[in-house]
Every structure is written in structure tokens, then in C-alpha cells.
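# Survey of secondary and tertiary structure
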Amino acid sequence: MNYFDFPVIGRRSIDEFTIGDDTLPEPSVLGNVQSTGNWVFDRESTPRKTTEYWFHSSSQLWFIVERNTETDEIFSAETLNG
Amino acid sequence: MSIRLLKHAFIENYAEPCWFNTPSTLKDTYDVVIIGAGGHGLACAHYLAQDHGITNVAVLDASYLGGGNTGRNTTIIRSNYLTPEGVRFYDASIQLFKDLSSDLETNIFYSERGHYTLAHSSATLRTARWRAEVNKHLGIKSEVVGTDEISRGCPELQIDCGGSHAIEGALFHAPGAVARHDAVAWGYAKSASARGIEIHQHTPVIGLEKDSEGVSAVVTSKGIIKTRNVLSAVAGHTPTVTGMLNIKSPIEIFPLQACVTEPIKPWLDTIIVSGSLHLYISQSSRGELVMGATLDPMELHSRRSTLGFVTSLCDQILDLFPFLSGVKINRQWGGMADMTPDFAPIMGTSPVKGFYIDAGWGTWGFKATPISGKTMASTIVNGVNDPLIRSFNLSRFGDFDLVGEKGAAAVGH
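Residues numbered from 1 in each chain as written. Chains lettered and ligands numbered in written order. Predicted model: local features only at pLDDT ≥ 70, side-chain atom pairs only at ≥ 80, totals over all residues. Heavy atoms only, no water.

## Observations concerning the overall build of chain A
Counting its regular elements, chain A contains one helix and six strands. Along chain A, from the amino end to the carboxyl end, the secondary structure elements read β-β-β-α-β-β-β. Dimensions of chain A, computed from C-alpha atoms along their principal axes, come out at roughly 45 × 25 × 20 Å. Pairs at least 24 apart in sequence give 40% of the contacts found in chain A among residues at least 6 apart. With an accessible surface of roughly 4,900 Å², chain A has 50% of that area assigned to carbon and sulfur atoms. Distance from the positive charge centre (6 side chains) to the negative charge centre (14 side chains) of chain A: 3 Å. (Helix = DSSP H or I, 4+ residues; strand = E, 2+ residues; numbered from the N terminus. Contact = heavy atoms within 4.5 Å. Areas by Shrake-Rupley, 256 points an atom, 1.4 Å probe, with all protein chains shown as cover. Lys, Arg positive; Asp, Glu negative; His and termini not counted. Charge placed at Lys NZ, Arg CZ, Asp CG, Glu CD.)

## Details of helix α3 (residues 84–98) of chain B
Along an α-helix, a turn takes 3.6 residues, which lines up residues three or four apart on a common side. A rise of 1.5 Å per residue sets the reference length of α3 of chain B, with its 15 residues, at 21 Å; its end C-alpha atoms lie 21 Å apart and thus fit the reference within 8%. Along α3 of chain B, the residues that are buried comprise G86, V87, F89, Y90, S93, I94, L96 and F97 of chain B. (Expected span 1.5 Å × (residues − 1). Buried < 20%, exposed > 50% of the residue type's maximum accessible area, 1.4 Å probe, protein only.)

## Structural notes on the pattern of salt bridges
Tallied over the entire structure, the rule returns 17 salt bridges over all chains. Measuring nitrogen to oxygen at the nearest pair gives 2.9 Å for the salt bridge that ties D51 of chain B to K374 of chain B. Residue D51 of chain B is located in helix α2 (residues 39–52), and its partner K374 of chain B is located in helix α10 (residues 369–382); the two are separated by 323 residues in the primary sequence. Notably, a salt bridge pairs E288 of chain B with R331 of chain B, separated by 3.2 Å at the nearest N-O pair. Highlighted residues: E288 of chain B in the loop between β16 (279–283) and β17 (289–295) and R331 of chain B in strand β18 (residues 329–339), separated in sequence by 43 residues. In the salt-bridge network here, residues are joined through shared partners; they are D22 and R48 of chain A together with E299 of chain B. (Salt bridge = Lys/Arg side-chain N within 4 Å of Asp/Glu carboxyl O.)

## As for the packing of α3 of chain B against α10 of chain B
Residues and elements named next belong to chain B. Contact geometry of α3 with α10 gives a least axis separation of 7 Å together with a crossing angle of 105°. Considering the angle they form, α3 stands roughly perpendicular to α10. Counting all contacts with α3, which are made through F89, A92, S93, L96 and F97, the residues of α10 involved are T369, P370, I371, S372, K374 and T375. Counted by class, the contact of α3 with α10 contains six nonpolar, four polar and one charged residues. (Axes fitted to C-alpha atoms, helices over the stretch in contact; angles between N-to-C directions. Parallel < 35°, antiparallel > 145°, perpendicular 65-115°, else oblique. Nonpolar A, V, L, I, M, F, W, Y, C, P; charged D, E, K, R; others polar.)

## Examining the environment of R11 of chain A
Mapped onto the elements, R11 of chain A comes out in strand β2 (residues 10–13). Once residues within four sequence positions are removed from consideration, R11 of chain A is found in contact with Y3, F4, D5 and F6 of chain A.

## A word on the interface of chain A and chain B
At the junction of the two partners, chain A supplies 22 residues and chain B supplies 21 residues. For the chain A and chain B pair, buried surface summed over both sides reaches about 1,800 Å², with 55% attributable to carbon and sulfur atoms. A salt bridge links E299 of chain B to R48 of chain A, with the shortest nitrogen-to-oxygen separation between them at 2.6 Å. Along the contact surface separating chain A from chain B lie seven residue pairs in polar contact (both at pLDDT 80 or more). Residue assignment for the side of chain A that touches chain B shows that the elements contributing at least two residues are β3 (17–22) and α1 (33–41) of chain A. Looking at the side of chain A that touches chain B element by element, the count peaks at seven residues for α1 of chain A. (Buried area = accessible area lost by both parts, 1.4 Å probe. Polar contact = N/O pair within 3.5 Å; in protein donor to acceptor, adjacent residues only side chain to side chain.)

## Describing the sheet that holds strand β3 (residues 76–77) of chain B
All names here are of chain B. Taken in spatial order, the three strands line up as β3-β8-β4 in an open sheet, and their pairing is antiparallel. The sheet terminates laterally at β3 and β4 (111–112), the two strands that pair on one side only. When β3 meets strand β8 (residues 177–178), the two strands line up antiparallel, connected through two bridges. In the sheet register, I77 faces β8, and the bridge partner there is A177. (Pairing = 2+ DSSP bridges.)

In C-alpha cells:
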């Protein structure tokens, strides 16, 4: 089982989390329907280092986790909004 | 002593008939280049030759034939989907599967078993009813059955399911079947190869080029191929390949795992699926129980398999079949599943002319193999999407015109 040291809640199994999507910046202007649809759905799902939203249900805390999507290595975890 | 061995001993340079060719060099140009020598890519090659007489085709694979999701799925074939688009598409696939052994002159061990999707709550039963009515409306054998009928179909099943989540009914789909996945890929390879199509294994694609008229070349580890038609049938590697042409898609790659037990005496002649318990189980012709579960919860580009998968799956299987507690797991593996937001595939034309996509199969896409090959072949030849796959085009996401195929995976994802 894969464990990681999280801030505030300490060492946890990654099975305790609901993993959200990449932390994509919201566009300032969405424009037409087409570009809105593309922003909502399109992803960059290639092997890479990325940051994701992770939700820990028992503590109700959100984290931003930096992870390698090929090796599953976790580099860092920060609470959302500090 | 076998005749085969004698032939090797007494005939100089005795060459056995091969299933498919393995040419050592690439030509400079092909009419069509298919990336991915899995079931889908090879089926497309076969139908390009058989239906349209196009044989100047190369099928490329970064690894070996059928080594991706074609060899990793759990071989279940069914058409009890939720949307009319999905039901029509998969029913056409079943019709092709039924005659495939004789069409390919290869025994694919197609075996109709019947397929039970168990409902452990009235909410699941309601969805089962919905699916059954859509299926019946489109002429598919599909019905909601009660616990007595389930017990008759599979007497070994514990209806109380460990006491905490008793089975209330099931969606029963009589045409549900299994087949040998390797035989399907090899059969298509044999047929395509016999018609002159080249299959290049261990030939990774490292780039794609385009000009003002559309896709123009495929850059491989063994040289550059000029072509005006490229099909990407690479499942879990789709975002990498489409990225070579800067085509964006909603596909996300998640790991999907499966396993088999040691071979045991045949006792399970049907296919059992539980969406609530996230599991499915059938028995192969070799006696192994083939079992799988739901997707792992995070994006991952790896075929690793985990102990956590086996332990949680076995925990649920034993609620249904407690007598299996002494049976050992023989092998486990993982595959890279290409998921879409609406659980329907992404097929057909792309923003780049001449570049076609066959992807978004989610849970491995084995049951779509024949029909995806056939419809992609007709799409490539005509340059417009085959009517059967029109609603599966990549453009539906920008247009907010999703398919909503929640029945795609029999287990909930």
C-alpha cells in the first residue's frame, strides 16, 4: 500500500483519498460554446508530473498533490488555501 | 514422433506456415498506416482488405501483436447497453463475432454463456429495468429476472451475499458470451497478412507530420513513412499519439486490473457481474476463473498490478461464492484504460484530415473489436464517419453533445 506524509493529518494511505483532476487554471474568458466545451472536457493525459486536487473525506480537507502519473511517485502535498 | 518434427529433420530450410508476416523493412509509402497491432487495429486492416480491396497497408506496434489491452481484457461480449447508439453498435459487433471463427478460419472459441448483472438494491434494479426496456425496444434479448431465476441459472451463488447486501434481482442478457482474445487478434492478423498487409511489430511511432492537405507522414523508429491516411488504435497511448498532431481530447488513462485463479473443474457456465460490488467473474474453457474489478481511482500510465486489488476483489467474490475460499489466484495484471467523460468511445474523423481515431474504449473494448474494425475501415475509405459511429465523434465534447453511456462498463466506474 502506498503511504505519504501529508501536512496536518500526517502519514496516510492514498486509499483514503478521493482524487480529483488536474489543477487547471480557469480561463478569464470562456468565449463561445466550443471553447467552453473544450475547457470543460479536454485533458492532457500523458505520462507527466502534474498537480491534482485530492480530497480526504474523514478530515474534510482538500490537498494539492504533486505526482508523477507514470511511476505514481508523490513529490509533495499541501493543504488547499494554505 | 510428430510429422512436424520429422519435416524439420528431413526437409532442408523447412518453413512452417506462419500466422502472419514479419517484414524486416518498411516501404516508403502506404495507402493506410494503422498504429497499434491490437484487435481493433488488426480488425481494421482485415476489413480494409476484405470489404474494400485496400492492401497497401502497414500495421505498426511499439511492442508485440496483441500485447496491450487485447491480451489484458476479460473477454466478455454483450450488447445490453443503455443508449440506442451503444446498443446498435454492440449488437452489430455480436453479429460479426458469431461468424468470426469461419470468416477468419480461426477458432476464436466463441461461447454463449448468458450474462447476469446483479442488483443489490431497488435503485440498481430500476436502472436494470431501464436498460432492459431500451434493449427490448431495439430487439436485444434482455430482461429483468428475480432471485429464483438467478438461482436456477447459477445455483452456487449466495443470494443473501454475505448478509449485508442481498441480491434483489438481475438484468439477464442471454447473448452474453466469451471468446479467446488472443485468437481474435491472431485471426485478424492471419487474414490481413494473407491478403498482403504488413504487420511491423516492435516499431514505435515517434512522431506524426501534417501539411496543408492533412496528415502527411508517420515517423517511426525504423524510418519515415509517407501516407495520407493514419488510424490511431492505441488505447492507453491515445493522448500521446494525438498529442503528436496537437489534437486535444478528453481521454484520461486509468489502470484497470484483472486476475485468474488456478484451473478448477468447470462449474460456472454463465457470466456474473455485480456493479455494486465492483466485480465480474466467468470461467474460461481452461477452467480458470477470470475476475476483474473497477478502475483504480487515479490517472496512471503504467501496467502495474497491486496486492490491494486482489485482496479487495477476493473479499467481494467470497460474499457471492464462499466455497472459493481455498482457490488460489494464479496470475494478475493491469492495463491502461482510455476513459471518456460519457463512457462512449471516440471514433472516426479528427480535426486533422486523414487522421482517424479509434479510442475511448474505457474498459478495454474487446467486445467492440469486429465492429470497430469494420466501421473504421469504411470511415477511412470514404473519408466520412460510418453511420453507426456518427454519434461517437470527438467533436461531441466541444458541442456539448455527449452520449451518456453509463452502461458501457457492467461494473460501476
